[in-house]
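# Tertiary structure, described
The primary structure of each chain is shown beneath.
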Amino acid sequence: MGIQVVVKDSDMDFFLFLRDYFNENLEAVQAYNLLKQTYANKGSESYWQAKNEFLQQLLEHRKFWN
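This is a predicted model, so every value here is computed, not measured.

### Quick look at the confidence of the model for the protein
In the predicted model, the protein carries a mean pLDDT of 88, and 95% of its residues have values of at least 70. Summarising per-element confidence for the protein, the mean pLDDT is lowest in helix α1 (residues 15–24) (89) and highest in helix α2 (residues 26–39) (96).

Set out below in structure tokens:
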């Protein structure tokens, strides 16, 4: 379990969006889990880079998603 505390409407306030987006989009959860499995043995740098790219793509939808 991880807990993130952020200031509302700050630059780090994207965690709530990601939580809600994943709760509403099973396909996104499956793709994220596949990414984790794919990069599990490729080193932390490769994993973090792939994870960052994936999450950045999701965050591009933030202003259009409700």
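Now, onward.
### Examining the nonpolar core
Counting residues in each nonpolar core, the largest one holds 14 residues, and the members touching the most others are Leu18, Phe22, Tyr32, Phe54, Leu55 and Leu58. Where this core is concerned, the elements lending two or more residues are α1, α2 and α3 (44–60). No other element matches the six residues that α3 contributes to this core.

### With respect to the packing of α2 against α3
Where α2 meets α3, the closest approach of the two axes is 9 Å, and the angle between their N-to-C directions is 165°. As far as their axial angle goes, α3 and α2 are roughly antiparallel. Considering how the two elements wind past one another, α2 and α3 form a crossing that is right-handed. Facing Ala28, Ala31, Tyr32, Leu35, Lys36 and Tyr39 of α2, the residues of α3 in contact are Ser46, Tyr47, Ala50, Lys51, Phe54 and Leu55. Residues belonging to the contact of α2 with α3 are distributed by class as follows: nine nonpolar, one polar and two charged.

### Observations concerning α1
Taken residue by residue, α1 has Phe17, Leu18, Tyr21 and Phe22 as its buried positions. Viewed end-on, α1 has its buried residues packed into an arc of 125°, placing them on one side of the element. Along α1, the residues that are exposed and aim more than 90 degrees away from the buried face are Asn23 and Glu24. Against α2 and α3 lie the buried residues of α1.

Conventions used here
Residues numbered from 1 in each chain as written. Predicted model: local features only at pLDDT ≥ 70, side-chain atom pairs only at ≥ 80, totals over all residues. Heavy atoms only, no water. pLDDT = per-residue confidence, 0-100. Helix = DSSP H or I, 4+ residues; strand = E, 2+ residues; numbered from the N terminus. Core = buried A, V, L, I, M, F, W, Y, C linked by side-chain atoms within 4.5 Å. Buried < 20%, exposed > 50% of the residue type's maximum accessible area, 1.4 Å probe, protein only. Axes fitted to C-alpha atoms, helices over the stretch in contact; angles between N-to-C directions. Parallel < 35°, antiparallel > 145°, perpendicular 65-115°, else oblique. Left-handed = near helix turned anticlockwise from the far one by under 90°. Contact = heavy atoms within 4.5 Å. Nonpolar A, V, L, I, M, F, W, Y, C, P; charged D, E, K, R; others polar. Arc of directions from axis to C-beta.

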